[in-house]
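This is what each chain is made of:
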Amino acid sequence: MPLITPPLSLYIHTPWCVRKCPYCDFNSHERGALPEQAYLQALLTDLEQDVALVEGRTVETVFIGGGTPSLLSADFYQQLFRGLRQRLALADSAEITLEANPGTLEAGRFEGFREAGINRLSIGVQSFNNQHLQALGRIHDSQAAVAAAHQARQAGFDNFNLDIMHALPGQSREQALDDLQRAIELAPTHLSWYELTIEPNTVFYRSPPTQPDSDTMADTESAGFALLADHGYHRYEISAFAQPGRECRHNLNYWQYGDYLAIGAGAHGKLTNVTDDTVHRYQKTRLPEHYLADPGGARRQWTRVEKDERLFEALLNGLRLPGGIALTQLTATSGQAPERWLPRLQPLVARKLLRVENERLACTETGLRHLNTLLEQIADQL
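A quick note: this is a predicted structure, and the numbers were derived from the prediction, not measured. (Residues numbered from 1 in each chain as written. Predicted model: local features only at pLDDT ≥ 70, side-chain atom pairs only at ≥ 80, totals over all residues. Heavy atoms only, no water.)

Comments concerning the side chain of His132
- As for its position among the elements, His132 is in helix α4 (residues 130-135).
- On the basis of relative accessible area, His132 is assigned to the buried category, the value being 4%.
- Leaving out residues up to four positions away in the same chain, His132 has contacts with Ser127, Leu168, Pro169, Gly170, Gln171 and Gln175. (Helix = DSSP H or I, 4+ residues; strand = E, 2+ residues; numbered from the N terminus. Buried < 20%, exposed > 50% of the residue type's maximum accessible area, 1.4 Å probe, protein only. Contact = heavy atoms within 4.5 Å.)

What about the state of the cysteines?
- Taken as a whole and assessed by the stated rule, the structure comprises zero disulfides.
- Left without a disulfide partner, Cys17 is nearest to the cysteine sulfur of Cys24, which lies 6.7 Å away.
- The class of Cys17 is buried, set by a relative accessible area of 5%.
- Cysteine Cys248 shares no disulfide, and the gap to the nearest cysteine sulfur, in Cys24, comes to 19 Å.
- For Cys248, a relative accessible area of 0% corresponds to the buried category. (Disulfide = S-S within 2.5 Å.)

Observations regarding the side chain of His190
- If you trace the backbone, His190 turns up in strand β8 (residues 190-195).
- Owing to a relative accessible area of 2%, His190 belongs among the buried residues under this scheme.
- A polar contact of 2.6 Å, which involves the side chain of His190, links it to the side chain of Tyr236.
- For His190, the contacting residues outside a window of four places in its chain are Arg120, Phe160, Asn161, Leu162, Tyr233, Tyr236, Ala240, Phe241, Ala242, Arg246, Glu247 and Cys248. (Polar contact = N/O pair within 3.5 Å; in protein donor to acceptor, adjacent residues only side chain to side chain.)

With respect to the pairing of strand β6 (residues 120-126)
- Along β6, seven of the seven residues are buried, which leaves the element largely enclosed by surrounding structure.
- The alternating pattern of β6 places Arg120, Ser122, Gly124 and Gln126 on one face and Leu121, Ile123 and Val125 on the opposite face, and all of these are buried.
- Pairing geometry for strand β5 (residues 89-100) and β6, over four bridges, is parallel. Of the residues in β6, the one forming a bridge with Leu98 is Leu121.
- Of the pairings in the sheet, the one linking β6 to strand β7 (residues 160-166) comprises five bridges and is parallel in character. Its bridge partner lying in β7, Ile123 is registered against Leu162. (Pairing = 2+ DSSP bridges.)

What about the sheet that holds strand β15 (residues 325-326)?
- Spatially, the three strands line up as an open sheet ordered β15-β17-β16, and their pairing is antiparallel. For this open sheet the edge positions go to β15 and β16 (354-357), each flanked by a neighbour on one side alone.
- Direction of pairing for β15 relative to strand β17 (residues 360-363): antiparallel, over a ladder of two bridges. Directly across from Ile325, in β17, lies its bridge partner Leu361.

Side note on the nonpolar core
- In terms of nonpolar packing, the biggest core is built from 66 residues, with Tyr77 and Ile118 touching the most fellow members.
- Beyond its immediate chain neighbours, meaning those up to four positions away, Tyr77 contacts Thr14, Ile64, Pro69, Leu72, Leu98, Phe113, Ala116 and Ile118. (Core = buried A, V, L, I, M, F, W, Y, C linked by side-chain atoms within 4.5 Å.)

Some thoughts on unusual backbone geometry
- At the junction of Gly66 and Gly67, the peptide bond is cis and its omega measures out at 25 degrees in the coordinates.
- With respect to the element layout, Gly67 can be found in the loop between β4 (58-66) and α2 (74-87).
- Even without glycine at this site, Lys352 takes up a positive phi of about 60 degrees.
- Along the polypeptide, Lys352 turns up in the loop between α14 (346-350) and β16.
- Look at Lys352 and you get exposed, because its relative accessible area is 61%.
- Positioned with a positive phi, Asn358 is a non-glycine residue whose angle comes to about 50 degrees.
- Judged by its relative accessible area of 74%, Asn358 falls in the exposed class.

Laid out in structure tokens, this is it:
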């Protein structure tokens, strides 16, 4: 079956931070003074190499991640978005998100971000406990985190996310829930609440901290889900909770196997071409100094995603959503009709790990709790 062109997003990566956190495995590099003008020109040169790949398509969402994007000035973003709009069709209703860290903000900077066209913030709080913030290597304290949320609202951001972690070193169930309660009291429209995981190539991987045991983690998670629901935040992805209508559209596009252009050092992209019935993934040169030296040749690893891989990738993303993914959407994004592959997953339905309801495939609560294991089983069945 032919592919259908999915919605298009744009991801922009800024690779620098003040200090790399011991749990961070993102493409981030410590640096003092930033080469703003050089990076601005590099991003626009990079984009110019990609615009032909999406000719005639409109960008529905933009996400600026890092690193620490809020280290860059408001003037940088004002110039960047002028350049983006000269090269791309950006929807009038586009959701434009900037990641911000409380320790990198100064008075008035949020107003400048807003004037640049950014209309959503994602603030990396992680905890309101100063001892835990120190253990995580964060450069802000609890007071700065609270101030950042207030500053965002005062600057006119009526849509912002707070990132909060649990299962922190030495953290009790009560402390984890207190962090969540304090975040809720700041009334963000969206909360990302997730367990600290130890990733390879991080300081914590080489010197693992002592985290709560698995029973405590599970108990904390269950109590946190109830607390969020009681305050009107519905869980629409494994670790994402939103007030009604405030889901992150950009991340939803990822999870629903949409397309996304990617610019910036180490950025990853995915694009569909319905003319030749192909899907490709690619990434950009990872090291900032190499990216700055040759942004016009930054695209790397232009790799075709084969049909069977497309189906699994769509499931890998869509099953993160408690509501699952529509069978029609799986057909549109993979090019394969459900009758070809769905019968192979019936053993997992029988074991009450997957469910098919209203023409949607989704995890059961048990399946969602053990998603990584379930996905391994799906890969074996497909």
